[in-house]
Amino acid sequence: MTGWRFAAPARVLAAATVLLLPLALALSCVSPGPSAPPDAPAAATSEVAPEPAPRPAPIPPEPQPELVTPEPPLPLADRAEPGAGAPGPAEAPPRWPAAVGDGRVLIRVGLASDLGSFELPCCEAEVTLAVDGGPVRFPAPFTVEPAAGSVEAPAYRVQVAALRDEIQARALARSLATRTSWPAEAGFDAATGLYRVRAGSFRERAEADAAQWRLAELGFGGAWVIEEGGILHEPALRVRVDGRSFRVLGRWLALHPAGRGDGLSVAATGRSGRYRGRLLVFLNDRGSLNLVNELPLEDYLRGVVPRELGPELYPRLEALKAQAVAARTYALRHLGEFADEGFDLCAEPRCQVYGGLAAEHPLSDRAVAETAGEVLLHGEELVEALYSATCGGHTEDSRIVFPWLDAAYLRGVPCPEAPASHLAGTLPRGTPFPAGLTHRLVPPRTHAGPAALQERLETLAKAAGLPPTGDRLRSLERSEVRRYVRSAFDLALDPGLLVETGAEREARAAPALPAVLREDVRGQVTAEESEWLLLGLARVLGLLQEAGVRFRGIEGGALTVTLRGDPAGGGGAVERVEIASGLATFAEGADGLEAADLALLPGDPLTLYRWRDGLVAVAREGTAAVPAPDVHPRRASRMRTWTRFRSDSRLAALVGERYPGLGFRGLEVVERGVSGRVGTLRLVGEAGRSELVEGLAVRWTLDLPDTRFEARRVAEPGREPGWQFTGGGWGHGVGMCQIGAYTLAGRGLDYREILEHYYTGVRLGRVVVR
């Protein structure tokens, strides 16, 4: 291991300038796809079902605040890349959010898609709408319906599949279009988190039925006919309340409590619950309604963090704070990802799970509040802050799971879900630090008294190659020695303290080295002070090197560690350190560090001590903890390891849904990542055909909890042949492991250290709106 140094403090980072729009305006740019941004909520007429009116001009922009930090703004890259749950490939830049007058960043969350109507439930508080250019209060219940001036006749389409993986869904749509010459596309459903693959557009039901039979002949079994709205002209919405009808021009309708209130209730949409902020009803291109919750980002996080890492099962504040920072970073990076559907993010695992008011919890609320505005940056960009439930002991490089994403900060690292590694020392248990170390470096003399300390100082000086005489230590009075001990010798001595120039030696008669400390001072230094003084001088003279690291593992008689500190200065680099014989190991005891065998988990903070060229001691920092992860059994037993059997017929159905006509005959693993996750899988089909499946699509194709698995063929009497999959992890395994974060928090790491472990070379910044 080379280049040891003292860890530099983490730098405060700057976030970038972003464009902010007025509250009532729609998104300013487009998510993947060519469609234009949705229009702003328009004014309504007060007549019952009036004739279409000219469209009012857009609301003019308000003054545009900026995101600022104490440092100059840094430009954030305009990207729309993969998400925390099951990301999709980048296709268009995101846009930045609107802001409330007090500077809070707004976010829009898709709650439901393609509703035929939306009803605000009975007995809700009064709700304010914008009608005739001004706010109008409506009592609940009331209903919102599509009311376009004209809509082409509804089209009949054939839905072939609803898939979790966006890449597979889009590939299937392309295959449909190529083989049938019909229009086909993959559309996201906010309510389910699935990509619906639909083909054809037929005016008559009989034509759609015939198309369904044709698709079955081509191998697209299980398809069904659905009815979808046609092209919209003069889009509008209708509100029905108390026997009256109001027609609102445009695609948007905004609903919010008439008073201050605590949100609005939603029922019978698949997203029942209460939501802060306001509800937006959006008329989509298919002529149906999307329901959107618009609210300040920090309020949004209050409904995300407890759904992603439940504070009842995982009540550790530092883990929840790490989750809050990751979720905030993810949300800001993915703003506008579904702009053509009227929202930024969905409320499903495809994005981040969002539960509204019902999900909020005091502990996770505290985690959000104590990290307010904090985000993760790598260089000058928001990171792709991916995370998953459990990684099974090791996270994975991003490109293995998401082939289009090869991020330097998303590298696989060992996780504390793995079994503890044991490192035994040779000192008697309980030997205090630093005496257990300094007695080895500078052995104590057989006699006691002031002379013993001076002889050990002389030993240090000779080991450092200093001249045998000198009086540079005479100025160290008793008070200075004590101050030096109390401050851990920080800046009390300098490397030249025991060095004198040739001119100095010639200018005076230098006393012998034993006189460098006055005898009365030596006599007052306690035994403990002596050991700290020797340790400090050994560090100052360069004899003892000290490095703060994070434990990764033990491989072949060596520690693998990562340096801690400022990433710009080398933090995060993996090093291998040989374990020498006679090693001293220390852990936190009742009275400070003391000799003890270590049970180490990946991510544990260590301090390594090297004397000249060999490792002499390892100290585990922080409170001593149990050797195994402290994980709630309701989650650990279900997620850490698993076994699944998939019969040939089940696999044939799964493969046939995604690759019609292939004909499943077997599978082969082509590539694995550093954690053992399958990066590329070959599906063997009929007549020598095969199909390569990459990344997270492997998981969905085989219907498994994770891609970290081993597969073996199983053929037993009385049972249909198939494949046995044995693996670990639950999710995609890239970025932060949520159960691992909980475990690290239990071992004394704070949220910054947890994030540093899982995201290589990142730094914390704060987003502030002015």
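Source: prediction; values computed, not measured.

1. Digging into the packing of aromatic side chains
Summed over all chains, the structure comprises 13 aromatic pairs. Centroid distance Tyr-300 to Tyr-354: 5.3 Å. Interplanar angle 40 degrees. Geometry classified as tilted. Of this pair, Tyr-300 sits in helix 3 (residues 297–308) while Tyr-354 sits in the loop between strand 20 (345–346) and helix 5 (362–370), placing them 54 residues apart in sequence. In this structure, Tyr-300 and Tyr-354 share a single accessibility class: buried. Aromatic side chains Tyr-314 and Tyr-742 sit 4.9 Å apart centroid to centroid with 75 degrees between the ring planes, which places their arrangement in the edge-to-face category. Placement of Tyr-314 in the loop between helix 3 and helix 4 (317–333) and of Tyr-742 in helix 16 (residues 738–746) is noted, with a sequence separation of 428 residues between them. This pair shows no difference in class: Tyr-314 is buried, exactly as Tyr-742 is. The cationic tip of Arg-108 hangs over the ring face of Trp-252; the distance from NZ or CZ to the ring centre is 4.9 Å.

2. Topic: the confidence of the model for the chain
For the chain, per-residue confidence averages 74 on the pLDDT scale, and residues scoring 70 or more make up 71% of the total. Of all the helices and strands in the chain, strand 1 (residues 67–68) carries the lowest mean pLDDT, 26, while helix 5 carries the highest, 97. Every residue in residues 468–522 scores below 50 in pLDDT, and together they form 88 contacts with partners more than four places removed in sequence or on other chains.

3. Some details on the packing of helix 3 against helix 4
At their nearest, the axes of helix 3 and helix 4 sit 9 Å apart, and the two run at 125 degrees to each other. Considering the angle they form, helix 3 stands oblique to helix 4. As for the relative orientation of helix 3 and helix 4, their crossing is right-handed in sense. Only Leu-320, Gln-323, Ala-324, Ala-327, Arg-328, Ala-331 and Leu-332 of helix 4 make contact with helix 3, whose side of the interface consists of Leu-297, Glu-298, Tyr-300, Leu-301, Val-304, Val-305 and Glu-308. Tallied by class, residues from the contact of helix 3 with helix 4 come to 10 nonpolar, 1 polar and 3 charged.

4. Details of the side chain of Gln-323
Examined against the element boundaries, Gln-323 turns out to sit in helix 4. You can call Gln-323 buried: its relative accessible area is 0%. Apart from the residues within four sequence positions on either side, Gln-323 is in contact with Val-305, Glu-308, Leu-309, Tyr-387, Met-736 and Gln-738.

5. Some details on the pairing of strand 36 (residues 690–694)
Here strand 35 (residues 678–684) pairs with strand 36 via 5 bridges, running antiparallel. Looking at the pairing, Val-684 lines up with Ser-690 of strand 36. Connecting strand 35 to the next strand, strand 36, in antiparallel fashion are 5 residues, including Ala-687 with a positive phi near 55 degrees.

6. Some thoughts on the sheet that holds strand 33 (residues 641–647)
Pairing is antiparallel in the open sheet, where 3 strands are placed in the order 33-38-37. Two strands bound the open sheet, and with one partner strand each, they are strand 33 and strand 37 (709–714). Between one strand axis and the next, the sheet turns by 20 degrees as a mean value, whatever way the strands run. Contacts from helix 14 (residues 648–658) reach strand 33, strand 37 and strand 38 (722–728), with the element oriented near 90 degrees to strand 33.

7. Remarks on the side chain of Asp-706
Position of Asp-706 relative to the elements: it lies in the loop between helix 15 (697–702) and strand 37. Within the structure, Asp-706 has its side chain in polar contact with the backbone nitrogen of Arg-708 (distance 3.4 Å). One polar contact links the side chain of Asp-706 to the main-chain amide nitrogen of Trp-730, over a distance of 3.3 Å. Ignoring anything within four residues of it in the chain, the contact list for Asp-706 reads Thr-390, Trp-642, Arg-677, Arg-699, Gly-728, Gly-729, Trp-730, Gly-731, His-732 and Gly-733.

8. Some words on the nonpolar core
If you look at the biggest cluster of nonpolar residues, it comprises 123 residues, and the most contacted ones within it are Phe-118, Leu-255, Leu-279, Tyr-300, Met-736 and Tyr-759. Tallying contributions element by element places helix 4 first for this core, with 11 residues. Excluding anything up to four places from it in sequence, Tyr-759 contacts Ala-326, Leu-376, Ala-385, Leu-386, Tyr-387, Tyr-409, Leu-410, Gly-735 and Met-736. The next biggest cluster of nonpolar side chains, apart from the first, holds 24 residues, and it includes Leu-535, Leu-537, Leu-544 and Tyr-609.

9. So, the environment of Gly-622
Within the secondary structure, Gly-622 is located in the loop between strand 32 (614–620) and helix 13 (633–639). The class for Gly-622 is partly exposed, based on a relative accessible area of 34%. Taking C-alpha positions, Gly-622 is 5.6 Å from Gly-748, a pair spaced 126 residues apart along the chain.

10. Notes on helix 12 (residues 527–540)
Between the first and last C-alpha of helix 12 there are 20 Å, a value that for 14 residues agrees with the 20 Å anticipated at 1.5 Å per step. The first or second residue beyond helix 12 is Gly-542, which carries a positive phi of 80 degrees.

11. Here's the deal with the pattern of salt bridges
Applying the stated criterion to the full structure yields 40 salt bridges. For Arg-576, the salt bridge goes to Glu-578, with nearest N and O atoms at 3.4 Å. Of the residues examined, Arg-576 reaches a relative accessible area of 41% and is grouped as partly exposed. Of the charged contacts in the structure, one is a salt bridge between Arg-665 and Glu-686, with a shortest N-O distance of 2.7 Å. Placement of Arg-665 in the loop between helix 14 and strand 34 (666–672) and of Glu-686 in the loop between strand 35 and strand 36 is noted, with a sequence separation of 21 residues between them. Classification of Arg-665 as exposed rests on a relative accessible area of 55%.

Calculation rules
The numbers attached to residues start from 1 for each chain and follow its sequence in the written order. Per-residue local features are limited, in this predicted model, to residues with pLDDT of at least 70; the limit for side-chain atom pairs, both in listing and counting, is 80 or more; totals at the level of whole chains, interfaces and linings are taken over all residues. Hydrogens and water molecules were not included; the side-chain quantities draw on all heavy atoms of the structure. Here a Phe, Tyr or Trp ring, Trp counted by its six-membered ring, pairs with any other such ring whose centre lies within 6.5 Å, and the pair is stacked when the planes are under 30 degrees apart, edge-to-face when over 60, and tilted otherwise. Secondary structure counts use DSSP, requiring at least four H or I residues in a row for a helix and at least two E residues in a row for a strand, with both numbered from the N terminus. For every residue, the accessible area (1.4 Å probe, protein chains only) is compared with the maximum for its type, and the residue is labelled buried under 20%, exposed over 50%, or partly exposed between those bounds. Cation placement over rings: the criterion is NZ of Lys or CZ of Arg within 6 Å of the ring centroid and within 35° of the ring normal. Think of pLDDT as the predictor's per-residue confidence, scored from 0 to 100. Pairs of residues are marked as contacts when any of their non-hydrogen atoms sit within 4.5 Å. An axis is simply a line fitted to the C-alpha atoms; with a helix, the fit covers only the stretch in contact. Between two such axes, the angle follows the N-to-C directions and lies from 0 to 180 degrees. Roughly parallel here means an angle under 35 degrees, roughly antiparallel means over 145, roughly perpendicular means 65 to 115, and every remaining angle is called oblique. Each crossing gets its hand from how the near helix is turned against the far one by less than a right angle, where anticlockwise is left-handed and clockwise is right-handed. Put simply, Ala, Val, Leu, Ile, Met, Phe, Trp, Tyr, Cys and Pro go in the nonpolar bin, Asp, Glu, Lys and Arg in the charged bin, and everything else, Gly too, in the polar bin. Criterion used throughout: strands pair if DSSP finds at least two bridges between them. For the purposes of these results, a polar contact is taken to be a pair of N or O atoms within 3.5 Å, where, inside protein, one atom must be able to donate a hydrogen and its partner to accept one; residues adjacent in sequence count only when each atom of the pair is a side-chain atom. The definition of a nonpolar core used throughout is a set of buried Ala, Val, Leu, Ile, Met, Phe, Trp, Tyr and Cys residues joined through side-chain atoms within 4.5 Å. A helix is expected to span 1.5 Å multiplied by its residue count minus one. Should a side-chain nitrogen of Lys or Arg be within 4 Å of a carboxyl oxygen of Asp or Glu, the pair is scored as a salt bridge.

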